[in-house]
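One letter stands for each residue in the lines below.
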Amino acid sequence: MCSQVAPLHVSLRGAWPLPILLSASSSLRADSIRAMFLSMSSLANSSPTSLRLAPPCPSTSCGRSVGGGSTVNFMVYVRGSASDFDDWAKFGNEGWSSHDLLPLMKKIETYTVKPGQPTHGYSGPIQISAGGIDSGVGKQFLDVAKEYDSGCPQVDDNNDLVTANAYSLWFKYIDPKTGRRSDAASAYLYPHSENANLQILVGKRVKRIIVENDRAVGIEYTNDAISCPEGGTEVTTMKASKLVVVSSGAFGSPAILERSGIGSPLVLNKHKIPVIVDLPGVGENYQDHYGKFPVFYASDESTTMDDVWSNAQEHAAWLNQWESSGKGKIATNGLEALAKLRPTAAELSSMGPVFQSRWETFYQNTPDKPLGIIGAISGVLRFLGDHSLLPPQKFLTVGYYILYPESTGRVHIGSGDDANIALDFDPEMLSNPADLAPLIMLYKKSRELARRMPCYRGEVPLCHPQFAADSPAACKETDGPVPISAPDIIYSAEDDKAIEDFQRNSVHSTWHSLGTCAMKPRAQGGVVDGRLNVYGVAGLKVADMSICPSNVGTNTYSTALLIGEKAAMIIAEDLGIEILA
C-alpha cells in the first residue's frame, strides 16, 4: 500500500539520453549526464516524542527497490477525487486541476474491467483488472451492504473521480493475462533496459545535492547500509549539466534536500549544515491515512487467502498454477470489495462536535470526498502484528481507514553527514482530536457488515477492542452470522472507551506517506512551485508523493503514477524536448 513516484517516462523524438536512476535497493559508466533522477526508498522510524499514541511509536515502511512502493504495495486500485486535484490548483499550481490531469490519468492505464468508461484509459502501460480468482467474499460483503446499508448505492465504478459514497468490487493493479503485478519499474523502466543511455545504480544512497552559485550541478552518493552492507563508506560525485530531479518519496526527498543545505535553519544548524536556502517547509506537512484491519473467524468452507499466506506447501501448489496459467490465488491480493463512505446523518451526529466542525469546513461542500474506506479481505493480513497465536483456520478481515486526517507530522534528518542514519520522524498520528471519531464510527460499521456475512464465525479477540466479558459487544467465536435485520450492537460508555483505546494503542499507517516537499507558495510553507522547481535553487526539481500540497482520498500508487507523468511533461517542456503523441 506505501507508493513512491514512478520513474519518469516520456516518449522522446531524437537521441536525448534517458536518466540515471539511483536506487537504495553496479557500476557507474558516465561522469556527466544531462539530467539525473534520484530515487531512494527507506524505512522511517518514529522519534520517541509522539504523545498522541500509546507506545511503541509506529514505523512506516517504504519500498526498497527499483520502482519504489509499486513493487511491494497491495496492488489495490483506488483513485482520488476530482476536488483533491482542484485543491492543488488552488495553491496557484497551474496545470494541476482535475480537468488538466484527466488525460494523463487515462494515459497511464489499461482498464480491463469495463469498456467505454469516460474517465478511464484503455491503452496505457499499467494494467487494471479484477485479478485471477473470485473467492466470493466480495460478493458476500456487497450482498450484505445492499440490504443493511441500502441508502448507499452499489456501482460498477467508484473510481470515476466523483463517486464518494458507494460500494463496489475492488479492482487491482494486476495484469489479467499474466496474473503479475503491474508495477512502475516493469511498465516504465525495464522496457528501456537495452538503451545505453539509461543507467540504474542499485544499493546506493544519495548524500547530498551539489549546489554552486545557487544552481544544482550534481550529487554525492554512497553505499546504502541496508541493501549493500558490504559496501564501503566512500563518497562518489556525479555531475549533471542540465537538471537534477529528486524522486525519493516523502521520506527520502526532504532528507536529501536538508543534507544539501536546503531547509529550515533550525534543522540545518542543529546538524552543522551551512544554510544554502532558508526553506522551512522541507520535511513538514507530513500526511498519511490511518486505519485498522480487524479480523474475524471465517467458515471452514470459505475460500480465503490464508493457505497461500501461511502454508508453504499450499503456496507452492498455487504458485505452480500461477506460473502455468497466470490464474489462481497468486494472481490476486485478497482485497475483494470496498466502500467509499460519507457518514449518514445519524453517524455524523454520533461523532460529536469536534468532528462536526471538521465536517462543516472540509467535507460538507465537497461531495466527492469520502470520509473513509471499508474493505473486505479474504484472509488475515499476517504482517500486521504478531499473529503467531492465531489458530490454524480461515479468517475474514474487514478493514477501514480514514482518507483526510487533519493531523500532520514531520520528518527531518538524523545526521548532517551520514545518509544512512535513521530519520527523525514524528507522524503525529491522532494529534488532532477530529481524527479519532471517524475511526470509531468506521470500526462499528465495519463490524456490523462483517457479522452479517454468511462466512462470519465471530471476532478474533486479539484483533479487536478489549471489551468486558459481560458486555454485549464482547468478541467471541460464533456458529454463524446474525440476521441482516438484527439490531446493531449497543455500545456502553465503557465499550466506547475500549474502542477509543484500541484506536490510540494500535492504529497504524496505511503506507500512504506524502506532503513533505509541498507544492505550495513559499510563503505558505511550500518547497516546490507548480513546475516542481525547488525554491531558491535553479536546475533542481522534486517529483514524487512528497510534492502533494494536500491529501488525496486514495491509495497513493495512482497519484504517484500521475505525478510521474505530469513531471515528465514539465521536464520535457523545460528542456525543449518534443514529446511523441
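Preceding block: the structure.
Criteria and cut-off values
- Numbering of residues starts from 1 in every chain and runs along the sequence as written.
- Note on the predicted model: pLDDT of at least 70 is required for a residue's local features to be given, and 80 or more for side-chain atom pairs to be given and counted; whole-chain, interface and lining totals, by contrast, use all residues.
- Where side-chain values are given, they derive from all heavy atoms of the structure, hydrogens and water being excluded.
- Here a helix means four or more residues in a row that DSSP labels H or I, a strand means two or more in a row labelled E, and each is numbered from the N terminus.
- For every residue, the accessible area (1.4 Å probe, protein chains only) is compared with the maximum for its type, and the residue is labelled buried under 20%, exposed over 50%, or partly exposed between those bounds.
- Each accessible area is a Shrake-Rupley estimate made with a 1.4 Å probe; only the visible protein chains count as cover when residues are assessed.
- Counting of polar contacts relies on pairs of N or O atoms within 3.5 Å, with two restrictions inside protein: one atom must be capable of donating a hydrogen and the other of accepting it, and residues adjacent in sequence are counted only when both atoms are side-chain atoms.
- Any two residues having at least one pair of non-hydrogen atoms within 4.5 Å are treated as being in contact.
- Criterion used throughout: strands pair if DSSP finds at least two bridges between them.
- As defined here, a cavity is a set of points on a 1 Å grid over the protein atoms alone where a 1.4 Å probe fits but cannot get out. A pocket is an open set with protein on both sides within 12 Å along at least five of seven lines, and residues line them when an atom is within 4 Å of a point.
- Grid points are joined across faces, edges and corners, and a volume is the space filled by probe spheres set on the points.
- Ten residue types, Ala, Val, Leu, Ile, Met, Phe, Trp, Tyr, Cys and Pro, are classed as nonpolar, four, Asp, Glu, Lys and Arg, as charged, and the remainder, Gly among them, as polar.
- Think of it this way: a Phe, Tyr or Trp ring, Trp meaning its six-membered ring, pairs with another when their centres are within 6.5 Å, and the plane angle makes it stacked under 30 degrees, edge-to-face over 60, tilted otherwise.
- Fitting a line to C-alpha atoms yields each axis, with helices limited to the stretch in contact; the angle taken between N-to-C directions then spans 0 to 180 degrees.
- Roughly parallel refers to an angle under 35 degrees, roughly antiparallel to one over 145, roughly perpendicular to one between 65 and 115, and oblique to any angle outside these ranges.
- Joining through side-chain atoms within 4.5 Å is the link that ties buried Ala, Val, Leu, Ile, Met, Phe, Trp, Tyr and Cys residues into a set, and such a set is a nonpolar core.
- Any carboxyl oxygen of Asp or Glu within 4 Å of a side-chain nitrogen of Lys or Arg constitutes a salt bridge here.

Trainee: Could you clarify how one ought to interpret the overall build of the protein chain in this entry?
Mentor: A tally of helices and strands in the protein chain yields 13 helices and 23 strands. Counting over 581 residues, the protein chain shows a buried share of 61%. Surface exposure of the protein chain reaches about 22100 Å², of which carbon and sulfur atoms provide 52%.

Trainee: Where do I start with the side chain of Glu459 in this structure?
Mentor: Its location among the elements puts Glu459 in strand E21 (residues 456-459). We classify Glu459 as buried; its relative accessible area is 3%. Within polar-contact distance, the side chain of Glu459 engages the side chain of Arg447 at 3.2 Å. Among all residues touching Glu459, those that are not within four sequence positions of it are Val295, Phe296, Tyr297, Arg447, His464, Ala474, Cys475, Lys476 and Glu477.

Trainee: What should I look at first to understand the pairing of strand E15 (residues 295-298) in this one?
Mentor: Where a strand is regular, its side chains alternate between the two sheet faces. Relative to strand E18 (residues 395-402), E15 runs antiparallel, the two being bridged by 3 bridges. The residue of E18 that forms the bridge with Tyr297 is Phe395.

Trainee: Sorry, what's going on with the environment of Trp309 here?
Mentor: Within the secondary structure, Trp309 sits in helix H7 (residues 306-310). When the C-alpha atoms of Trp309 and Val380 are compared, they prove to be 8.4 Å apart, with 71 residues separating the residues in sequence. Setting aside residues no more than four positions away along its own chain, Trp309 makes contact with Asn333, Gly334, Ile377, Ser378, Gly379, Val380, Leu381 and Arg382.

Trainee: Looking at this structure, how should I read unusual backbone geometry?
Mentor: Excluding glycine, most residues fall at negative phi; most peptide bonds, likewise, are trans. Within the chain, Leu161 stands out as a residue other than glycine whose phi angle is a positive 80 degrees. Take Leu161: it is sitting in the loop between helix H3 (137-148) and strand E7 (166-169).

Trainee: It is not clear to me how the layout of surface pockets should be interpreted in this structure. Could you clarify?
Mentor: In this approach the atoms are scanned with a rolling probe the size of a water molecule, which exposes any empty space left behind. Approximately 410 Å³ is the volume attributed to the second largest pocket. Lining of the second largest pocket is provided by 17 residues; of these, Glu347, Ser350, Met441, Lys444 and Asp488 occupy positions nearest its centre. Elements that contribute at least two residues to the lining of the second largest pocket include exactly helix H9 (345-350) and helix H11 (436-450). It is H11 that provides the largest number of residues to the lining of the second largest pocket, a total of 6 residues. Tallied by class, residues from the lining of the second largest pocket come to 9 nonpolar, 2 polar and 6 charged.

Trainee: So what exactly am I meant to see when it comes to the packing of aromatic side chains here?
Mentor: One pair of aromatic rings is described through two measures. These are the centre distance and the angle between the planes. Inspection of the entire model under this criterion finds 21 aromatic pairs. Relative to Trp359, the ring of Phe355 lies with its centre 6.5 Å away and its plane at 45 degrees, an arrangement referred to as tilted. You can see Phe355 and its partner Trp359 sitting in helix H10 (residues 352-363), 4 residues apart, about one turn around the helix. The pair Phe355 / Trp359 is uniform in exposure class, with both members buried. Geometrically, the ring pair formed by Tyr400 and Tyr443 is edge-to-face, given 6.5 Å between the ring centres and 70 degrees between the ring planes. Residue Tyr400 is found in strand E18, and its partner Tyr443 is found in helix H11; the two are separated by 43 residues along the sequence.

Trainee: Could you clarify how one ought to interpret the side chain of Glu448 in this entry?
Mentor: Note on placement: Glu448 falls in helix H11. Among the polar contacts listed, one links the side chain of Glu448 to the side chain of Arg452, at a separation of 2.6 Å. Look past the residues within four positions of Glu448 in its chain and what remains in contact with it is Tyr148, Asp488 and Ile489.

Trainee: Help me understand the packing of helix H1 (residues 82-89) against helix H2 (residues 98-108), please; the structure alone is not making it clear to me.
Mentor: Each pair of packed helices can be described by the angle between their axes along with the distance between the axes. Closest axis-to-axis distance for the H1/H2 pair is 9 Å, and the angle between their directions is 125 degrees. As summarised for this structure, H1 and H2 are arranged oblique, according to the angle between their axes. The residues of H2 that touch H1, namely those facing Ala82, Phe85 and Asp86, are Ser98, Leu101 and Met105. When grouped by side-chain class, the residues that make up the contact of H1 with H2 number 4 nonpolar, 1 polar and 1 charged.

Trainee: Mind showing me how you'd approach empty space enclosed by the protein here?
Mentor: Considered as a void within the structure, the largest cavity measures approximately 120 Å³ in volume. Lining the largest cavity are 14 residues, with Arg79, Met105, Ile108, Tyr173 and Ser558 positioned closest to its centre. The dominant element in the lining of the largest cavity, judged by the number of residues it contributes, is helix H13 (residues 557-574), at 4 residues. Residues belonging to the lining of the largest cavity are distributed by class as follows: 9 nonpolar, 3 polar and 2 charged.

Trainee: Can you help me understand the nonpolar core in this one?
Mentor: Side chains of a nonpolar character, in soluble globular proteins, are inclined to be buried together. Ranked by size, the top nonpolar core spans 63 residues in total, and within it Trp96, Ile126, Ile209, Leu257 and Leu540 carry the most contacts. Looking at this core element by element, the count peaks at 8 residues for H13. With residues near it in sequence (within four places) discarded, Trp96 still touches Phe85, Trp88, Ala89, Leu101, Met519, Gly530, Leu532, Ile547, Ile563, Lys566 and Ile570. Formed by 61 residues, the second largest nonpolar core is a distinct cluster that contains Phe74, Ala337, Tyr363 and Leu396.

Trainee: Is there a simple way to explain the pattern of salt bridges in this structure?
Mentor: A side chain of one charge can pair with a side chain of the opposite charge when the charged atoms of the two come close. Within the structure shown, the criterion is met by 25 salt bridges. Among the salt bridges present, the one from Arg447 reaches Glu459, with a minimum N-O distance of 3.2 Å. Of this pair, Arg447 sits in helix H11 while Glu459 is found in strand E21, placing the two residues 12 residues apart along the sequence. Looking at Arg447, the relative accessible area reads 1%, which means it is buried.

Trainee: I'm lost on H1 in this one. Help?
Mentor: Since one α-helical turn is 3.6 residues long, residues separated by three or four positions face the same way. Of all 8 residues making up H1, 6 are buried, and the element is well covered by its neighbours. Among the residues of H1, those classed as buried are Ala82, Ser83, Asp84, Phe85, Asp87 and Trp88.

Treat this as a map of the structure, not an account of what it does.
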